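Analysis of the macromolecular model
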Amino acid sequence: MTRIIIFTGKGGVGKTSVAAATAWRSAQMHCRTLLVSTDMAHNLGDLFEHRIGRETVQLSEYLDALELDPEYIMQEEFADLGRAIANLLSGMAAEANGDLLMLAGMEELFSLLKLLAIYESNVYERIIVDCAPTGETLALLKFPELLGWYMEKFFPIGKAAVRILSPLSKKVFQVELPDRRAMNDLEKLYVRLIDLQEILKDHTVTSVRLVTLAEKMVVEETKRSYMYLNLYGYQVDGLYINRVLPEMVDNDYFDQWQQLQKHYITELEAVFAQLPITKINWYETDICTQEAIARLSQEALTAEGLFDIPKTIDHERYEKVEDGYLLTLYLPLVEKGELELYLAGLDLIIRIGNFKRSIPLPNALRGLSVASVKLDDGWLRVKLVKEGESYAQGLS
């Protein structure tokens, strides 16, 4: 089975180098590996000193590379879906009284569709993804779910089928998809969005790894990224602390830097104690040649189980309880004061900071009300009961 590993982090932390070294390590194990960049500011070619673009190129016997161009992909490979999305936006604009509804991430959707097609081709054993900086990565990864939610609101396909076709409903209620040959373009797009969510949120297939630095601003963004990725149900299975100063630096100039790094490394080790943590030394030269990538791979990425399937965390589950249902969500690092939760129609809305997730509730939960909300040690538990049986909602 093909494994997908996504690397992200704040801009400038060295995530491309770490992703490239991971792909190189995989290829050295004689596994067919694809290193793919979804960052519009591609630099894989600069890193390997090799021309890499919109068509797959071979870097070694077991390693290929690709820089995704979403506009080119849309025109050359997904023209029908492009027209479907144009119709979708047109319909949304009409529903919104002529105001064009712009969805962040629309263009990058085609990068995800291409990634899905590569996965389904079964050509590669491992796909290593170098993503854009954190904010753009979060927008990209949440987009399939977001677009599916908008389709539900504006089109009959969504209103009629979202409770049946959602990954959760398929898993819990064992409902099969209808015959795809009978679907129009929008319906096909909707099914592809479901396929995307199923692959990206299948913890035996896809995981996300965070690259960070031992600096205050980067550490804080890394913690927020971890929290938001879990909000949307993504499995994070590794943390890489890059550019760690060696212990034996005989230069007073670096003394304070070393103390600061030790402080923030200690903090990262405490916060991310449940994750494998890899520390990467600050090298004396740029990581910008194939030889440098090989060196980084050989010196820093030697841990056993580098490509193992991580222990699965059930990010979102429903349980039948005596007087209703209990929805449990994994939300690490969330503070009670920054979380907002409420029902809006048939959706459960969860907002943390600037990020909001709308969870369409299955048919079995339609008409239920929120009875209680508890946040305890990274687990959010929402109890849903029949109308009239709820009591004052509060976060405890």
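Scroll up for the structure.
What this report covers is the structure whose coordinates are included nearby. Just so you know, these numbers come straight off a predicted model, no measurement behind them.

A few words now on the packing of helix 1 (residues 15-28) against helix 12 (residues 290-300). Each pair of packed helices can be described by the angle between their axes along with the distance between the axes. Running from N to C, helix 1 and helix 12 point in directions that differ by 80°, and their axes come no closer than 8 Å. With respect to their mutual orientation, helix 1 and helix 12 come out roughly perpendicular. Of the residues in helix 12, those in contact with S17, V18, A20, A21, W24 and R25 of helix 1 are Q290, I293, A294, L296 and S297. Grouping the constituent residues of the contact of helix 1 with helix 12 by class yields 7 nonpolar, 3 polar and 1 charged.

Running from N to C, helix 10 (residues 216-231) and helix 11 (residues 255-271) cross one another at 10°; their axes reach a closest spacing of 10 Å. In terms of orientation, helix 10 and helix 11 fall into the roughly parallel class. Packed against helix 10, whose contacting residues are K216, V219, E220 and K223, the element helix 11 presents Y264, E267, L268 and V271 at the interface. Considered class by class, the residues forming the contact of helix 10 with helix 11 number 4 nonpolar, no polar and 4 charged.

It is worth spelling out the layout of surface pockets at this point. Size it by volume and the second largest pocket reaches roughly 470 Å³. The wall of the second largest pocket is formed by 26 residues, among which V13, G14, S17, R243 and I287 lie closest to the centre. Of all the elements in the fold, those that place two or more residues in the lining of the second largest pocket are helix 1, helix 2 (44-48), strand 7 (236-244) and strand 8 (277-281). The dominant element in the lining of the second largest pocket, judged by the number of residues it contributes, is helix 1, at 4 residues. Partitioning the lining of the second largest pocket into residue classes produces 11 nonpolar, 9 polar and 6 charged.

Spatially, the 4 strands line up as an open sheet ordered 9-10-15-14, and their pairing is antiparallel. Two strands lie at the open edges of the sheet, namely strand 9 (316-321) and strand 14 (368-376), each paired on one side alone. Averaged over all neighbouring strand pairs, the angle between strand axes comes to 20°, with direction disregarded. Here 7 bridges tie strand 10 (residues 324-330) to strand 15 (residues 379-386), and the two strands are oriented antiparallel to one another. Its bridge partner being in strand 15, T328 is matched across the sheet by R381.

Of all the 9 residues making up strand 14, 7 are buried; the element is thus mostly covered by neighbouring parts of the structure. Two elements, strand 14 and strand 15, share 8 bridges in a ladder whose sense is antiparallel. Counted as the bridge partner of L368 is K386 from strand 15. In textbook terms, the turn of a hairpin is the stretch between consecutive antiparallel strands, and for strand 14 and strand 15 this stretch comprises 2 residues, one of which, D377, has a positive phi near 55°.

Since the α-helix turns once every 3.6 residues, residues separated by three or four places project in the same direction. With 13 residues, helix 5 (residues 109-121) should reach 18 Å at 1.5 Å per residue; the first-to-last C-alpha distance of 19 Å fits that figure. Where burial is concerned, most of helix 5 is hidden: 10 out of the 13 residues are buried. Of the positions making up helix 5, those classed as buried are L109, F110, S111, L112, L113, K114, L115, L116, I118 and Y119. One or two positions beyond helix 5, positive phi appears at N122, with a value near 60°.

Turning next to the pattern of salt bridges. Going through the model one piece at a time under the given rule, you end up with 20 salt bridges. With a shortest N-O distance of 3.2 Å, D130 and K15 are connected by a salt bridge. Here D130, found in strand 5 (residues 126-130), pairs with K15, found in helix 1; they are 115 residues apart in sequence, far enough to count as distant. D130 sits in the buried class, given a relative accessible area of 0%. We note a salt bridge from E284 to R295, for which the minimum N-O separation is 2.9 Å. Taken together, the residues E284 in the loop between strand 8 and helix 12 and R295 in helix 12 connect sequence positions 11 residues apart. On the accessibility criterion, E284 (62% relative accessible area) is exposed. Within this structure, R3, R209 and D237 form a network of salt bridges that share partners.

Here we come to a nonpolar patch on the surface. Taken together, the side chains of Y253, W257 and L260 make up a nonpolar region of the molecular surface, amounting to roughly 350 Å² of accessible area. As for its placement among the helices and strands, W257 is situated in helix 11.

Thresholds applied
- Residues numbered from 1 in each chain as written.
- Predicted model: local features only at pLDDT ≥ 70, side-chain atom pairs only at ≥ 80, totals over all residues.
- Heavy atoms only, no water.
- Axes fitted to C-alpha atoms, helices over the stretch in contact; angles between N-to-C directions.
- Helix = DSSP H or I, 4+ residues; strand = E, 2+ residues; numbered from the N terminus.
- Parallel < 35°, antiparallel > 145°, perpendicular 65-115°, else oblique.
- Contact = heavy atoms within 4.5 Å.
- Nonpolar A, V, L, I, M, F, W, Y, C, P; charged D, E, K, R; others polar.
- 1 Å grid on protein atoms, 1.4 Å probe; cavity = no way out; pocket = protein on both sides within 12 Å on 5 of 7 lines; lining within 4 Å.
- Points joined across faces, edges and corners; volume = space filled by probe spheres on them.
- Pairing = 2+ DSSP bridges.
- Buried < 20%, exposed > 50% of the residue type's maximum accessible area, 1.4 Å probe, protein only.
- Expected span 1.5 Å × (residues − 1).
- Salt bridge = Lys/Arg side-chain N within 4 Å of Asp/Glu carboxyl O.
- Patch = residues over 30% accessible without salt bridge, like charges linked within 9 Å, V, L, I, M, F, W, Y side chains within 5 Å.
- Areas by Shrake-Rupley, 256 points an atom, 1.4 Å probe, with all protein chains shown as cover.

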